[in-house]
Number of protein chains: 2
Amino acid sequence: KRVVAPSFGVRAVAAADTKFKSGRTEITQVGKERPADHPCNEDPLKRKAELLYLSMQHNIVSAFEEIDGSGDFRVDAWDRKTGGGGVTMVKQGGNVFEKSGVAVSCVHGSFGPEAFVQAAQSVRMPGTGAPVERPSGEVPFFACGVSSVNHPWNPHAPTMHFNYRYFEIGGKDGVPKIWWYGGGADLTPSYLYEEDAIHFHQVHKDACDKHDKALYPKYKKWCDEYFLIKHRGETRGVGGIFFDDWNDRDQEAIMAFQKDCADALIPAYIPLVEKRKDQPFTEAEKEWQQIRRGRYVEYNLVYDRGTQFGLRTGGRTESILMSMPLTARWEYDHEPAAGSREAELLKVTRTPRDWLNIGA
Amino acid sequence: KRVVAPSFGVRAVAAADTKFKSGRTEITQVGKERPADHPCNEDPLKRKAELLYLSMQHNIVSAFEEIDGSGDFRVDAWDRKTGGGGVTMVKQGGNVFEKSGVAVSCVHGSFGPEAFVQAAQSVRMPGTGAPVERPSGEVPFFACGVSSVNHPWNPHAPTMHFNYRYFEIGGKDGVPKIWWYGGGADLTPSYLYEEDAIHFHQVHKDACDKHDKALYPKYKKWCDEYFLIKHRGETRGVGGIFFDDWNDRDQEAIMAFQKDCADALIPAYIPLVEKRKDQPFTEAEKEWQQIRRGRYVEYNLVYDRGTQFGLRTGGRTESILMSMPLTARWEYDHEPAAGSREAELLKVTRTPRDWLNIGA
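All of these numbers come straight from a predicted model, not from anything done at the bench.

Peer 1: For a positive patch on the surface, give the residues involved together with the corresponding values.
Peer 2: Where like charges cluster on the molecular surface, the positive patch consists of Lys-230 and Arg-312 of chain A together with Lys-230 and Arg-312 of chain B. On the secondary structure map, Lys-230 of chain A appears in the loop between strand S9 (228-229) and strand S10 (234-235).

Peer 1: Please provide a residue-by-residue account of the state of the cysteines, values included.
Peer 2: All names here are of chain A. Taken as a whole, this structure holds two disulfides over all chains when the rule is applied. Residue pairing for Cys-106: its cysteine sulfur links by disulfide to Cys-144, the two sulfurs lying 1.9 Å apart. With a gap of 38 residues between them, Cys-106 in strand S5 (residues 97-111) and Cys-144 in strand S6 (residues 139-152) connect regions that are remote in the sequence. Exposure class is identical for Cys-106 and Cys-144. Each is buried. Free of any disulfide, Cys-40 has its nearest cysteine sulfur in Cys-106, 5.6 Å distant. Judged by its relative accessible area of 0%, Cys-40 falls in the buried class. Looking at Cys-223, it has no disulfide partner, and the nearest cysteine sulfur is the one in Cys-208, 11 Å off.

Peer 1: Quick one: what's the story with the pairing of strand S3 (residues 74-79) of chain B, residue by residue and with numbers?
Peer 2: All names here are of chain B. Pairing between S3 and strand S4 (residues 84-92): six bridges, direction antiparallel. Pairing of Asp-79 across the sheet is with Gly-85, part of S4. Hairpin remark: S3 followed by S4, antiparallel, with four residues in the connecting loop; positive phi at Gly-83, about 130 degrees.

Peer 1: Account for the interface of chain A and chain B, naming residues and giving values.
Peer 2: Facing the 31 residues of chain A at the interface are 31 residues of chain B. Both faces combined, the contact of chain A with chain B buries some 3000 Å², and carbon together with sulfur accounts for 53% of it. If you sort the residues of chain A by the area they bury against chain B, Glu-318, Trp-330 and Tyr-332 of chain A come out on top, with a joint share of 28%. At the junction of chain A and chain B, the tally comes to four salt bridges. Put simply, Glu-318 of chain B and Arg-232 of chain A hold a salt bridge, and the shortest N to O gap is 2.8 Å. Here chain A is connected to chain B by 19 residue pairs in polar contact (both at pLDDT 80 or more). In terms of residue count, helix H8 (residues 283-303) of chain A provides more of the side of chain A that touches chain B than any other element does, five residues in total. A class-by-class count of the residues in the side of chain A that touches chain B yields 14 nonpolar, six polar and eleven charged. Direction of pairing for strand S12 (residues 327-329) of chain A relative to strand S12 (residues 327-329) of chain B: antiparallel, over a ladder of three bridges. Looking across to S12 of chain B, one finds that Thr-327 of chain A is bridged to Arg-329 of chain B.

Peer 1: Before we move on, can you summarise the side chain of Arg-295 of chain B with the specific residues and values?
Peer 2: Residue and element names in this part refer to chain B. When you line up the elements, Arg-295 lands in helix H8 (residues 283-303). A relative accessible area of 9% means that Arg-295 is categorised as buried. In this structure Arg-295 touches Ile-229, Arg-232, Glu-234 and Leu-346, once residues within four positions along its chain are discounted.

Peer 1: Describe unusual backbone geometry, listing the residues and the values that go with them.
Peer 2: Residue and element names in this part refer to chain B. The phi angle at Asp-333 is positive, at roughly 50 degrees, despite the residue not being glycine. Position of Asp-333 among the secondary structure elements: in the loop between S12 and helix H11 (341-350). Positive phi, close to 50 degrees, is recorded for Asn-357, a residue that is not glycine. Its place among the elements puts Asn-357 in the segment after H11.

Peer 1: I'd like a rundown of helix H5 (residues 194-209) of chain B, residues and numbers included.
Peer 2: Residue and element names in this part refer to chain B. Here H5 contains 16 residues, and its C-alpha end-to-end distance of 22 Å stays within 8% of the 22 Å for a straight helix at 1.5 Å per residue. Here H5 has its buried residues at Asp-196, Ala-197, Phe-200, His-201, Val-203, His-204, Lys-205, Ala-207, Cys-208 and Asp-209. Looking at the buried positions of H5, the neighbouring elements they touch are strand S7 (159-169), strand S8 (178-188), helix H6 (215-226), strand S11 (239-246) and helix H7 (251-276).

Peer 1: Give a description of the packing of aromatic side chains that names residues and reports values.
Peer 2: Here the structure, examined in full by the defined rule, presents 48 aromatic pairs over all chains. Between the aromatic rings of Phe-243 of chain A and Phe-257 of chain A, the centroid separation amounts to 5.6 Å while the plane-to-plane angle is 70 degrees, which identifies the pairing as edge-to-face. Taken as a pair, Phe-243 of chain A in strand S11 (residues 239-246) and Phe-257 of chain A in helix H7 (residues 251-276) lie far apart in primary sequence, 14 residues in all. What makes Phe-243 of chain A buried here is its relative accessible area of 0%. When its relative accessible area of 1% is taken as the criterion, Phe-257 of chain A is described as buried. Note on Tyr-166 of chain B and Tyr-181 of chain B: the rings are 4.5 Å apart at their centroids and 35 degrees apart in plane angle, and the pair reads as tilted.

Peer 1: Can you explain the sheet that holds S6 of chain A? Please cite residues and give values.
Peer 2: Sheets are built from strands that pair by backbone hydrogen bonding, the pairs being arranged parallel or antiparallel. Residues and elements named next belong to chain A. Taken in spatial order, the seven strands make up an open sheet running S3-S4-S5-S6-S7-S8-S11, and their pairing is antiparallel. The open sheet has two edge strands, strand S3 (74-79) and S11, and neither has a second partner. Pairwise comparison of adjacent strand axes, ignoring direction, gives a mean angle of 5 degrees for this sheet. Relative to S11, strand S8 (residues 178-188) runs antiparallel, the two being bridged by six bridges. Note that in S11 the partner of Asp-186 across the bridge is Gly-240.

Peer 1: Provide a residue-level description of the environment of Leu-192 of chain A, including the pertinent values.
Peer 2: All names here are of chain A. Mapping Leu-192 onto the fold places it in the loop between S8 and helix H5 (194-209). The class of Leu-192 is buried, set by a relative accessible area of 4%. Remark: the alpha-carbon pair of Leu-192 and Ser-148, spanning 44 residues in sequence, is separated by 22 Å. Once residues within four sequence positions are removed from consideration, Leu-192 is found in contact with Val-238, Arg-341, Glu-344, Leu-345, Val-348, Arg-353 and Trp-355.

Conventions used here
Residues numbered from 1 in each chain as written. Chains lettered and ligands numbered in written order. Predicted model: local features only at pLDDT ≥ 70, side-chain atom pairs only at ≥ 80, totals over all residues. Heavy atoms only, no water. Patch = residues over 30% accessible without salt bridge, like charges linked within 9 Å, V, L, I, M, F, W, Y side chains within 5 Å. Areas by Shrake-Rupley, 256 points an atom, 1.4 Å probe, with all protein chains shown as cover. Salt bridge = Lys/Arg side-chain N within 4 Å of Asp/Glu carboxyl O. Lys, Arg positive; Asp, Glu negative; His and termini not counted. Charge placed at Lys NZ, Arg CZ, Asp CG, Glu CD. Helix = DSSP H or I, 4+ residues; strand = E, 2+ residues; numbered from the N terminus. Disulfide = S-S within 2.5 Å. Buried < 20%, exposed > 50% of the residue type's maximum accessible area, 1.4 Å probe, protein only. Pairing = 2+ DSSP bridges. Contact = heavy atoms within 4.5 Å. Buried area = accessible area lost by both parts, 1.4 Å probe. Polar contact = N/O pair within 3.5 Å; in protein donor to acceptor, adjacent residues only side chain to side chain. Nonpolar A, V, L, I, M, F, W, Y, C, P; charged D, E, K, R; others polar. Expected span 1.5 Å × (residues − 1). Phe/Tyr/Trp six-rings, centres within 6.5 Å; stacked < 30°, edge-to-face > 60°. Axes fitted to C-alpha atoms, helices over the stretch in contact; angles between N-to-C directions.

Written out as structure tokens, the structure reads:
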């Protein structure tokens, strides 16, 4: 399968191609050169980020194609009129997953003070940690990242989401350059299997610890706080890791951290799906999964910053909403019976647990 | 069926009771007097608004109980800790409706300048039309309204939503009193039946025309603009009427308008459900309805001001989200075949029609 992805350029894709593990999908830029003034052509660090996220996409898609066994992901390459574009890969109605999607987008352009504040509301100046100054006019920006949501059919197999991204503002016309990294990965089961939650956290902790033992405790807590459905007082799932506005160390070091976390995704998640995908389930368990899918929709449409930002700033709707489950359910005032397995799951979303007994 | 609704008070409910048409559900305040300083005790106009919305709720619930024929609505009366409360009536899994809900809430208290701006962002001073001044501290508010969403099972029967409300800020401690009315009713079919859309609009136009012939054209257009799913470039359905910030005429006159519009709901909507509820449908038609339900969820969670305001300010989640359909579906990049009945519906959401040929 070959698709045209003009904004990514021949060299970027060729380089990413060399990192595929077993990808049955090949993305190739055909017949059109990337514009000479594309930010990734000017700046080796930006190109490196782009390649990093493309390679994450291809590694993950390869793993999902393998476990799902239902054939290739659909690939949509798109261009953004005002700069950049993306590649969205989706498999709907597979053998194991009702919907699985991995999307890369690398967009650039300029925006005004309002959008600047929206994007950089909590970031500090790289290096110094000083507050950022609100610019008076338009400033250039570059945003590149990969995001993915995967919903299995089986109510005993958890949903997994991850996202890794790089953001840069300014660096031209007297506006100081502000940059930061963000991302994370989290697990959303409909039924609690403690050993699954512990496994997912442990593999991520191991990846974090290779860089700095302080990172996992901090990012585990951040994840619980970030994926909170505030109007329910429930977290979206059993957490994982999350970070944002990260710019207090070397850029190469942060990208190496992101790469190790992304490499952890397959060993952290695929064995859980392998274990649960053929587990027997009842109609009532499927219905509970559908109610939990409704909560997933609530979080993504009401709170998720990427979704809100994307939908309100003319992003590609289908790429943004590929995170939606195939189906979802809302029952008025549904509360599972006390002591049930459904109530057990709710309890853990209402009081996040310290899965690895790190004492934090 | 008798429920406790302390914040509504004996007299309010008794008065509303006298207006019930055929309600099988009776709300009665038992054993607790409403606080003497409740705003509805002090101000005949506030009490009148409260009674108006309670009577709308009971008329509509009576009509729905009759056509659904599956027994009583569930009734939840709730109190808001910091002032006021509400009565939510929901029927889930009926014969005709998968979910039907009508909720009244009357809340009061005080809020700061931020919430003031949020609530009164586009309102002008009553009478003079002058801009409102942002207060420096806390200001009292009173908000009372009824809202309803009704999702039938049959994909040929349309969803109907309505909401009528009154809002008041200030009027104490040197803060000038600002008040306004808002509301409307709109129809969301999965399949277009022109005659159904025309009927719904005509009955509403007749109600509007009794008061002022300028109202329907203005409020029809406002409805198309308000219920726009911006990231899709689609309206939620085939429209109806919508207005907000209304305070340029006598309060009694606006309430009389709201009452006539609410009285129009049963003749505007129930005959459409009657006509379509037993119409045969295919599995593919049911699936298209589910995709349209997904769009409904997108509008309500991403754009609806009442939902956003309620969820972010600690409203009763189950009453706010009673508007969610029982089930919904999201397919990646779904586009119906050209010339199909599904494409016909989409077309009308992308280019709103002048159903009554009013030339506006």
